[in-house]
Each structure stands twice: as C-alpha cells, then as structure tokens.
There are 2 protein chains.
Amino acid sequence: MKVLHLTLATIATVLVLAMTPFAQAGGPNLVVNLDDVLAMRSAVKEEGRFRDAFQASKGSVDKRLGLPINVPLPKDGGGGFTHERHKQNYKLMYDAGILYQVTEDPRYAQRVRDMLLTYSDMYPALPLHPKRKPNAQNPGKLFWQSLNESVWLVYTIQAYDLIRETLSDAEMKKIERDLLRPVALFLSEESPATFNKVHNHGTWATAAVGMTGYVLGEQDWVEKALLDLSKSGKGGFLRQISDLFSPDGYYNEGPYYQRYALMPFVTFAKAIDNNEPQREIFKYRDGLLLKAIDTTIQLSYNKLFFPINDAIRSKGIDTEELVLGVTIAYGLTRDSGLLDIAQQQESILLTGDGLRVAQALDAGKATPYSFRSQAFSDGRNGDEGALVVMRQPDQALVFKPAAQGMGHGHFDKLSWQFYDSQEEVVSDYGAARFLNVEAKFGGRYLPENKSYAKQTVAHNTVVINETSHFNGDVKTGNQHHPELIFFGNDERMTISAAKIDTAYSDVQLKRTLALLRLSDDRSLVVDVFDVASKNPSQYDLPLHYQGQLVDTSFEVVANAATLPILGQKNGYQHLWLKGVAQPEAGLAKVTWLNRNGRFYTKTLLNDGATELLFTQLGGSDPNFNLRSENSFIQRKQQARAHAFVSLLEPHGEYNPAREFTIGAESQVVSLSHEKSGSVDVVSFGFADGTRYLLAFNSEAGATPGQESAFEIEGTRYALKGRYQLFELPQKG
Amino acid sequence: MKVLHLTLATIATVLVLAMTPFAQAGGPNLVVNLDDVLAMRSAVKEEGRFRDAFQASKGSVDKRLGLPINVPLPKDGGGGFTHERHKQNYKLMYDAGILYQVTEDPRYAQRVRDMLLTYSDMYPALPLHPKRKPNAQNPGKLFWQSLNESVWLVYTIQAYDLIRETLSDAEMKKIERDLLRPVALFLSEESPATFNKVHNHGTWATAAVGMTGYVLGEQDWVEKALLDLSKSGKGGFLRQISDLFSPDGYYNEGPYYQRYALMPFVTFAKAIDNNEPQREIFKYRDGLLLKAIDTTIQLSYNKLFFPINDAIRSKGIDTEELVLGVTIAYGLTRDSGLLDIAQQQESILLTGDGLRVAQALDAGKATPYSFRSQAFSDGRNGDEGALVVMRQPDQALVFKPAAQGMGHGHFDKLSWQFYDSQEEVVSDYGAARFLNVEAKFGGRYLPENKSYAKQTVAHNTVVINETSHFNGDVKTGNQHHPELIFFGNDERMTISAAKIDTAYSDVQLKRTLALLRLSDDRSLVVDVFDVASKNPSQYDLPLHYQGQLVDTSFEVVANAATLPILGQKNGYQHLWLKGVAQPEAGLAKVTWLNRNGRFYTKTLLNDGATELLFTQLGGSDPNFNLRSENSFIQRKQQARAHAFVSLLEPHGEYNPAREFTIGAESQVVSLSHEKSGSVDVVSFGFADGTRYLLAFNSEAGATPGQESAFEIEGTRYALKGRYQLFELPQKG
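From a predicted model like this one, the values you see are computed outputs, not experimental measurements. (Residues numbered from 1 in each chain as written. Chains lettered and ligands numbered in written order. Predicted model: local features only at pLDDT ≥ 70, side-chain atom pairs only at ≥ 80, totals over all residues. Heavy atoms only, no water.)

(A) How the structure looks around the overall build of chain A. Within chain A one finds 19 helices and 28 strands. The C-alpha radius of gyration of chain A comes to 28 Å, within 12% of the 27 Å expected for a compact globule of 732 residues. Taking the principal axes of its C-alpha atoms as reference, chain A extends roughly 90 × 55 × 50 Å. Across the 732 residues that make up chain A, the buried fraction comes to 61%. With the model as given, the accessible surface of chain A reaches about 26400 Å², and the carbon-plus-sulfur share is 49%. Side-chain charges in chain A split into 76 positive and 85 negative, and the spacing between the mean points of these groups amounts to 4 Å. (Helix = DSSP H or I, 4+ residues; strand = E, 2+ residues; numbered from the N terminus. Rg over C-alpha atoms; globule rule 2.2 N^0.38 Å. Buried < 20%, exposed > 50% of the residue type's maximum accessible area, 1.4 Å probe, protein only. Areas by Shrake-Rupley, 256 points an atom, 1.4 Å probe, with all protein chains shown as cover. Lys, Arg positive; Asp, Glu negative; His and termini not counted. Charge placed at Lys NZ, Arg CZ, Asp CG, Glu CD.)

This is the structure:
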C-alpha cells in the first residue's frame, strides 16, 4: 500500500529525484516536505517561537477535535453557515494534517481521514450550488462560486498529502476517486473559462489543480495548470505570473488585492519548487514572485497597506497571506530584513520555512527592513504608468499615475496621499464597506462604494465639471493609463511627474509632486498640477485631510444653520458644504492638526479667482454608511488652463498631555511659480529667511540629460536633467 | 558662613532634630534631604532606571547651560515669551540644583546662583505685571497672575535650598533680602485674599511661602502657611486639605483639575514631613493626601483621566503632577501597586523617593494596580453626592451624581460614561479647548466650551425643555448637588441610584445605573431614568456614542439633502439633525461599531410616543472648533412623568484585518420594566433563552435591610435590601 503510494506519487518526479539529491522520497511534498517535518519534530521539543506557535495551534485544534464532524449540504452563500463551515473544515483539515506530521499522533490523521471520507460520501452527488449567481461562469458545488472551491482544494490537497501515509488502500481509493479527482476535474476541464483565465480566480484554480496533480501523480494536470488546458501557454500559472504583475511586482488592483492574490502564487510556487526544482519557478521572470512579495511590503506604512482602490483600511502586513509570503521568501533568500517584517507579523507558520523564520528570530537575526522610494511600474510590460512611493524617515508620499486596476480600481488618476509620524495626513477613503457586517449591506461593498468611494471627487486629484475620470466607466478606464514622465530620487528629494490626456476628452492633466528634505531638516511637499481643457470648464482639486481644522489665513463663510449638499451626482451629492471662501490673490493657508499631534499647513498659490469649498462627508447617506471625513476643494470656474501650485508643510507639535504646543504656525512666507520654456520654477521661502528654488522639466519628450536655462531675479540658472533644488541667498 | 547658614536653617527645626534621630543636619531639606542625596550619588554610578533618568536630565541641562542667562523684564501674559521664559527658568534652576547635589559639580550650583542673583537685581524694582487683569485680586509681578509667581517660588526655593551651601555670605544675603523674602512676603502678607483662600491658588501660595519659611528659618511663615495669616485655621494649608477634598480624596472639579491641584499639596507635605515629621502630615485627616493621590489614579481608564467637567482629554496618569504624587506615595507606603502606575508613567524623578521607585522597578517589584468600583463621595463632608465608578475587567462605567465643581463644572447631573476594551464607548465631550494653540482662541477655553461643552445636552443625561441644569448658572449649580441614594457592589454587579430635585424647578430626576456581569460572562448596563415634572415638558435624553452607526431596528428618516440645526440655544444650536425616527412601542435598538472593533447595542424600551433624533456636532460653528461627534436623543414631548429604560450591550467583534466578523447582532430579545411599590423590576432576556430580572429599591428613604415583595409572571419574589438579580427559568 505504502509502496504503491510512493510509486504513484513519484512517477512524475522520478527525473527530478535523479537530478536533485535533496528532494525527498516519501513524506509530504507540497509546501512542507520530509526534511521540514523532521526539523519541526525536533524543534517543538525546545523552547522558542516555533514551539509556542505549535502549542497554540495544538490547543486550538484539540478543542475542535472534541466537536463532532460537520460537513453540511451546501446551502448558504458567502458569509452564511454552510459557507463558513466548509471554510472552517478545510482549515481544520490542514492544521490537523500538520499536527499529525509534527506529533505523529494518529488522532490528527484520523480526523482528517474521517472528514475526507465524509466529503467523499457527499461530493459525487452534489449539484451546482443553489446560491450560485444566475448564468454564473464560475459556479461552485461546495460553495456558491468556484473560487472558494479552489481555495478549499488548495488546503485539502495539502491535508491529504500530509496524512496519506496513514490511509488504507480502500480509503485512499475512495477519497481520490470520489472527492479529489472530481473536484480537480470540476475546477479544470469542467470550468475552462475560469481555469484558463489570466486572473486571480484562475490562479487559485491552477494552484489547486496543479498541487493535486503532484499528489495524485498526474503530471498532465501539472502541465495544464502551468500552461492552460491546451498547454498553449496562453493561460495557466506561468502566464498569470507574466501578466498579472508588472516587472516591479506590482499587482494592477493595488496592495489590498495584491496581498490576497499572492496566496495561491506562493503556495503553488513552493509546491513546484519542492517537486520540480529544476523549473526554478522562483527565478521565473527575473524572480518576479519574490519581487511581488517585497512590493507588497513596500506598499505599506505603519504596518497598513496604502488604501488605494477598493481596500479595507485595516489590512496590513500581518495578514495571513503575507505571513505566508514573507515566510516562504525568507526560506528562499535568508534576507534578514524580512525577519523584521516577520517579527511585526507576530505569526509563525508550522512549516519548514516557518521554522527557519522562528529560529532566526529566536537568534535575534532580524535587521531593519528597508523601505525605499520607488516608482513601481504598472502593466505587464511595466509601461502602463506607475504607483510612485516617496519615502523619508517617518514619512511616505504615494502618487498614483497607475492604471485603472480593473473592477476594483478607483477613478483617481494622479491622486496622492501623505503619511507622517505614524498617521495618515492626506488620505484616501479606501473602500466603502463593512466587511462581513450583515447589517451593512450584507457585509458587501456598500452602494456608497460606487456612488462615492470610487468617484474622482473622493480623491486628491482634479475633477472636471463634477464628472469622474473616464466618466466613471471601468471599461474605458481599463483601456487607458497615465504616463509616468519621470521619477527621480536623491538625498534632497524624491520627485515625479506624470500626465494623462484620456481621463476626459480634450483635457490634459499633468502633475509633478516632490517630497523635499531641506537643509534644516525641514520636510516639504511641492505640488504643481497643470490642467488644460479645450472648452471652458470647472476645475475642482479636493484635498482630503485627516484632522481638525485649526486655522485659515482667509475668511471662511460657514454654513452655520443649514448645511446643503455640494452637488447632485458623481460623489458630490455625499459632500456637505460647510463653508466657502474666496481668498485674495497671493498665499492662502489652511492649517489642520492631525491625531499624531503635528500641524500641517497647505499653502496655496492663489490667483484671487479660485474658490475654496470646505466639505464634510455624509450627505445623501440615509443609512449612515459613510465616515465623517473632511476636505477642502479648490474650485476654478470657466477655465481653459490653470496650474494648481501648493506646498504641504508638516510643523510643530501639540502636546496637551505635557501642556505644550510648539510651532503651531506655518513658517512658509513666500511661494511663487513661473514657467520658463519647458522648466517650471517654484520658489518658496521661510520665516527664518531661508529661500529655495525648485526647478523641474516635466515635458514628456525631454531627454534625460537635457540642459535648460532660466532666469530668476536677474540671475541665470542652468538646469541639467529633470530637476534641481537651489538654495537662494537669504533676503534682506 | 556655612555655620551661620546651618544655624539659621535649623533653629526652627531644632526640636525636631532632638525628636527625630533620622532628620538630617545640613544639606537640603525640602522634598529632597541629605539621606536622599547620598543615596542618589551612589545610585548614579550603577546601571538602572535612575541612572538613565539622571543622564537624560544632565544631557538636557548641560545643553541649556551653554546658553546665556535670560531673565527678561516681565511683559507678556500666559503663553507669551517672558511668561514662558520665567517658567523655563525656574525649572532649569530646580533641575540644576538637583544635579549639583548629585554630581557635586560646582558648574550647576553656579548657574543657579547666577540666575538667582540676576533675579535679585531685577525683583525689588518690579511693579505689578503689566498684563494683570484690571482690578485683579491676584496680580503677580514676574507673571500676570500670582498663581504662576507661587509656582515660581515653589521651584525656586527648592533650587536655593539645594545650592545654598555653595554661596558666599554676601550672595546669600542679597538673594534672600532682594528676592526670596520679597516674593514670599508679596505672596503672603501682600496678597492676603489669595493666601487665605481655600482654593487651589491658595495652596500654591501657602506651599511656596511655607517652604520658604523652612529654608529661611522663618517658622512663623510656616505657621501662617499652615493656618492662614492670622493663624486662625480658617484658611491655610490644613484647611485646604480639609475642605478641598472629600473624605474619599475626590476633588470637586474632577480628576483633570485634581491632578493639577495635587502638585502643591504633595510637594509642601513632603517638605513638612522632612522638616516636622511629628506633624504626621500624611496621616492628617485620615491619610487624606495619600487617598487623594490614589483617587486620582482610580479616576482614569486606559491611562487617561475620565474627562468630566472642563478636561483636556489627553491628560492622564503620566502627567508630571501625578508622577510626583505616585513617587512620594510610594516613598511613604512602599505599595507595590503604585509601581505598576510608575512603570506606565515612564518617568523617574531625581529625588530620594524617585530613587526608591526606580530601584523597586529595576528589581521587578511592581504588582498590578487594582482599579476598584467605588462611589467617591463629593463635598468636604462627603455628603454632596458622589462620583460613582463601576469596574469590571476591561470596563468602566462612570456615573456622575457629583456636585457642580465650581467654575469648571459642567451642567451634567446624573450623566454617565462607559468604557470597554480600551476605548470610550459612551462619551463625554470634555472641554472645548486647544491648549496653547494660538490660532484657536489663543489656546484658551473656546467660546464653544460655554455654548456647547458645558451645556446639559452635551452630556448623557436628561434635558428639560431644551434648557440646561440650573439654567446654566454656575452659582446656582454650586448651591445644590445630587443625592446619592445607594451604591452596591457584589460579584454579579455594581449598581447605584441617585437623584436631584434642584436641577430644574418642579422637576425630579432620578437615575439608577447597574453594570452587570451575567452568568455566561456577558456584560450589560441597565439604565432606568425616572423624570417627573409639575408642568407638561419636553424630556430629552441624549446618548453620545463613539463609533459608526451600524444598524437600527426601526426606520430612520434621514435629512439627506439639507441638514438643519436642532435648536437655537443651550447647545442645541451646535447639533445638526441628521435623521428622525419614531419607533413603534416595544424594543428599539441602535447598534454602533466602536474603533476597538466591538459592537454596542442600546436597547430602548419604547412607548411608541418617543422620538429618536440622530445628531452630529458641528452646527453654528463658524471656526470649525468642534469635533464631529455623534449622538442620538430620545425625546418625549408634553410629559409629566416618564421612565427612560434601556440596556447597553457590548457584543461581537469586527476584525477586517483577519477578515471575520462575529456577533454583530444584539442578543437581547426582551426587555420590560414595572414598578411594584417601591421596587423597580427590569426583566430582560437573550436569544439563547437566558432570562434575568433585576429588582432594586431606589426610594431615597428606604432602610438598608428593608425587605420588599413583588410578583412577576405569577411568582412572588422577595427583595432584601436595595437590589438583587434573579436568573429566571428559560422560556419555552
């Protein structure tokens, strides 16, 4: 029996065995192999993080082992009882399988066996799920959609692999014949659209089927998983790696979904690496999968992912998917910076790589993970815009000339966010959703996700005529993307310019953002947003800020007794208009106090003909679904061209606990902007007399080394390349 | 010279020396004595918290020693340059004085000497401060009010005491003659109204003058400080101890000001204890000062003080005043629970007691501080109501049948707050103030503090006819107080009832609040608020909650396109009316989600004739001074009597990071209330069938052991005493 199993399981990999002396004959061999098992068995005998994790898992599984097996007939949709129960079941089978290997206690294997046999009794007669969507391309049987069925198999095949050695011939036969093979065939041959699709659902399906192929000795399934059902390479896992990430490892939908998408990629890749190391899957496409794991970490601040597009704001680097990613990446690279992340994740996996992470942490090998400034290119070829991240100690600026990001993308071309001192300062609403809270629209995306959160006005970018980018149409959005003009990074600044001409017809949007570190260690954001339109139009530039308004340098006429909504559609209907101002030409300042106790002043270079609208979110919201967030909108009416020029200045500290407040006032005293040929010149000065001049060339066609000359205050300057910061002599 | 000094300084304490063998001859002797100094000198040679604190202080002082002395002519009011500079100066003199004693490095003493001599040059010719208030009773010379001058002397006399041994005869003479004596006389003989006043300002003055008396050998000043200028005992420090705190150590203005008021009490008391231990000052009035320190800690949750009355919400147990209090209390009591607090304070004082705390913490002697349920009596005799605190693990309920609390008190009789899982759930706005933020009304209390934060509608208690308690008049409020009817505490619950008949004329308000721990470890708050009025009136009961509204069991008609304000005055003008509902008779539920990830459902027993108004703060607020907080108000029109009966039920968990939501729905399925004679019977049941009955007798005149009988569902029950919880048989 055991012999038979080994034979079956190793036929497909016999070549591998010959080539790779370290591959294991016998024992499990997907994410965890026999070497791992032997090391884990010995590790749990000693004090340390790994043993702690083992004991926690054991305690939890032991408790559940006391309860009867429950494999209910599929009935409920997402979040419902049978849905959640089947999810719990696959996790329990996986956990118990691991515990069996580590403890060699047959009780764990028996529970997995009994659950698998129960599923085997039920599965062959199952129809499509009663809660499937009408005409669904991807119905499941155990679950309402096949995506969950794939996830079920990813876990279940690993559980089976972990306990197969304990099964009788008859048991093995029944489970494979009545359960594993039918599920794998259902997810592949019988669901070709999903299986062949270059999409996250396809990745789960190919991972499930491919891993099942390894365990059942069906190398053909592995090939189909890698290359698509016809082995053409037009779909399948390898194509998914090639197409779903940019060369920088950026996933089109943004970090929230990237973290989710990673799970089947790294799981299947690890199984491929254990079974067919000669494929060098982790080196595929210039080491793309490791890059994708690292990029997911890079797209976070203070442990949370940047909440661009549809994103639940509390998701961060401690999610289970990224725990797996970091664990596997550490196993491959032994990069001690990853241990820093693992430490913050506070979660140790019971796998061979998990053990390596635990032991390295126990040995104090972690070194600080290094967050860097980078333009993460978007698109499979890296030429569909980019998500730009600028970093300074304690700060991050996110600039988004990235592509639409499919159905979960927001209409927020060239938007930005800013973080400082552990808090969000210039913010993105994220998704309007209370995940799994039944009373809130069944826990799904709220109607306000579409009517507000996705709309352009919900973001920190220009809205033309109160209409969203691409007129709010996803299909149009997916056909276009911004162009990254340049990205630069030196010891004084990170700077980037980008443009898009397709967000609106006959409108050009171009923005340059720079995060500066000035010589007195002052930080400053410079923002120049150029808009041009064929027809006279209304240009709105909102800034969504986190904190309490403290001061304005101009009078605001507040709506004190009645609050109207700002508009009728495209998100405007959700904004209460709290006050209006029309500052005189010159500097207009808005200062707010963030919950981190720092002050932030936005200094706008005002033309005297731009209104400022102060808004609060919450209009047209009968179910109180929206958070009460604040913003102010610069509004330029009847314009054909306008440059929104401004600075964001973090300053001071409000410390009521210690009863002091320092630097509550902005120190910026001057700001000007002029164009000299293709060069933008932004000059600004501070109360202490220091003055600077930022020059940049954001012409799309400029060559990298191009030299431009310009004159300011009678002095000639030469700009070599894209950008330069000049310190000016103090005045007076 | 030195001999002379010793002689002078010890004349007054010669008796003490004879009596108390441990008192020190020579060296400083206010908060720090020679024993302390010797111990500190040795302690800084060894690793540990004390040495760390010493090095931090030394680093900071050394940096300031490099700057020139600046003793500016007094010019600015609070927050201004000369004001802040003189504050920095006294702190620097004190810190340098301590460092001199610890290091014996003469540079520190020289800086104190030079600063004192500079002050001595300036002080004699100083007029009253130019920024004093017109006709002020308490002008200062160095500062705009004498309060700051007292604080200056409290620090400065200690600095002088610490370095006096280094001075020449002439220096000593000049400093005492031209500075210390004139300031002490100015604060006592020349400011009798403040010095004799039984008020926090008086405490600072008596502490300053009394401590100066010890140092300059003026025992007469000490006597006057203790008993008032005429030594009558009608004022002075002892009377202040007697009158400003209740017998439970509760300070009339609430914990925010209590923490501030503590500082001169414990400082002067420690100096008295060092100089005249036979006074047993810390045993005075049954150990009142130690009780007051402990009570200040008790009136906090998750490190922050309960923000009742005028309170800056971020003030908590780590404030410098409470660091001093805890340090001195530990020195006296060696209570290891105080070390728990000291550990959280993360601040070690460079004093003898500070050393004792540091060493005990280094030795790991801290034990968990014990927060307890208690009715902290208010009023000098403890008979002017109480501040009631109910505790359960992770929870605190604050019930406020306390007295008005003078000028900083709010019109919030019988209000309450609730905390759970580290967050505020049912909240108090605190003070409307941005401390020291110049742009926000000069950093002073905002106009909205009076127009909103103090008003009754800003609190969780009944408002009659949209008018605040005592018609918003402080003087009237101070003449009255609620009556605590009873307070009870056992393993199942903490419960308290209180009433007030003077908040409005011809209106009786009575409230009973209970925090229950049910047998299944479920917690629940029961609230019964009885209102009776001679004339038909509008009764409003607001609930200010922290979080996002998730669900209501009834339809709310939202104001979607325009928000009106709720009223015209007494705080109502600041509330936007977001929606209105009139639930049918029966249970009406409002569920919200707090930032701690838990759900809270308020289940109201509704009569079908009570409206629910959903409001958001921010109306009539032209300068955006108010936070956007949410509340709902139960409104009963044209009533002569009504009982507001409700439950607050914490439940479930929202964990989007881990992608699960459990228990999002309230489990309360029934609630009823009846009166049977003097007994209130509140019955309630849960979805799992468990049912309870809470009976209580809140008649003001009832005797403690009184027995009452009542009948529910045909069963007779006997209530012995004030309250009892009965578990009922499950239904069906």
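(B) Focus on the pairing of strand 4 (residues 386-392) of chain A. All names here are of chain A. Most of strand 4 is tucked away, with 7 of its 7 residues classed as buried. What you see with strand 4 is no split at all: Ala386, Val388, Met390 and Gln392 on one side and Leu387, Val389 and Arg391 on the other are buried throughout. As paired elements, strand 3 (residues 374-377) and strand 4 share 4 bridges and run antiparallel to each other. In the sheet register, Ser377 faces strand 4, and the bridge partner there is Ala386. Pairing geometry for strand 4 and strand 5 (residues 395-400), over 5 bridges, is antiparallel. (Pairing = 2+ DSSP bridges.)

(C) The arrangement of the sheet that holds strand 24 (residues 679-686) of chain A in detail. Residues and elements named next belong to chain A. Strand order in the open sheet formed by 4 strands is 23-24-25-28, and the pairing between neighbours is antiparallel. Either end of the sheet is taken by a strand with one partner, and the two such strands are strand 23 (668-676) and strand 28 (723-728). Between one strand and the next, the sheet's axes are offset by a mean angle of 15°, whatever the strand orientation. Judged from the 7 bridges that link them, strand 24 and strand 25 (residues 691-697) form a sheet pairing that is antiparallel. Considered in strand 25, the bridge of Val682 is made with Leu694. (Axes fitted to C-alpha atoms, helices over the stretch in contact; angles between N-to-C directions.)

(D) Broad picture of the relation of the copies chain B and chain A. If you rotate chain B by 180° and push it 0.0 Å along the axis, it lands on chain A with an RMSD of 0.1 Å. Viewed as a symmetry operation, the transformation between the two copies matches a two-fold axis. When each C-alpha of chain B is compared by its distance to the rotation axis, B:Leu563 comes out closest, at 2.4 Å. (Least-squares fit on C-alpha atoms with pLDDT ≥ 70 in both.)

(E) Expanded view of the nonpolar core. Counting 188 residues, the largest nonpolar core has B:Trp152, B:Tyr160, B:Phe418, B:Leu509 and B:Trp592 as its most contacted members. Once residues lying within four places of it in the same chain are set aside, the contact partners of B:Tyr160 are B:Leu116, B:Leu167, B:Met172, B:Ile175, B:Glu176, B:Leu180, B:Val215 and B:Leu216. Within the second largest apolar cluster, 187 residues are counted, among which are A:Leu65, A:Phe186, A:Tyr251 and A:Leu289. (Core = buried A, V, L, I, M, F, W, Y, C linked by side-chain atoms within 4.5 Å. Contact = heavy atoms within 4.5 Å.)

(F) Seen up close, helix 4 (residues 49-65) of chain A. All names here are of chain A. Helix length check: helix 4 (17 residues) gives 24 Å between terminal C-alpha atoms against 24 Å at 1.5 Å per residue, within 8%. For helix 4, every residue scored as buried is listed here: Phe50, Ala53, Phe54, Ser57, Val61 and Leu65. Across the axial projection of helix 4, the buried residues extend over an arc of 105°, all falling on one side. For helix 4, the exposed residues set more than 90 degrees away from the buried face come down to Ala56 and Lys63. (Expected span 1.5 Å × (residues − 1). Arc of directions from axis to C-beta.)

(G) Region of the structure containing the UniProt feature "domain: Alginate lyase" (unreviewed entry) in chain A. As recorded in UniProt, the feature "domain: Alginate lyase" (unreviewed entry) lies at residues 75-299 of chain A. The straight-line gap between the two end C-alpha atoms of residues 75-299 of chain A is 38 Å; of that span, 68% is helix and 0% is strand. (UniProt positions renumbered as here; feature names shortened; annotations may be inferred.)

(H) Spatial organisation of the pairing of strand 24 (residues 679-686) of chain B. Residues and elements named next belong to chain B. Burial within strand 24 is extensive, with 8 of its 8 residues counted as buried. Sheet topology note: the strand 23 (residues 668-676)/strand 24 ladder contains 8 bridges and is antiparallel. Pairing of Leu671 across the sheet is with Phe684, part of strand 24. Hairpin connection from strand 23 to strand 24: 2 residues lie between these consecutive antiparallel strands, with Gly677 at a positive phi of about 65°. Hairpin connection of strand 24 to strand 25 (residues 691-697): 4 residues between the antiparallel strands, including Gly689 at a positive phi of 95°.

(I) View of the environment of A:Trp576. All names here are of chain A. Looking at the secondary structure, you find Trp576 in strand 16 (residues 575-581). Exposure remark for Trp576: the relative accessible area of 0% places this residue in the buried category. Put simply, Trp576 and Asn559 are 17 residues apart on the chain and 9.7 Å apart in space, counted from C-alpha to C-alpha. From its side chain, Trp576 meets the backbone oxygen of Gly618 in a polar contact 3.4 Å long. (Polar contact = N/O pair within 3.5 Å; in protein donor to acceptor, adjacent residues only side chain to side chain.)

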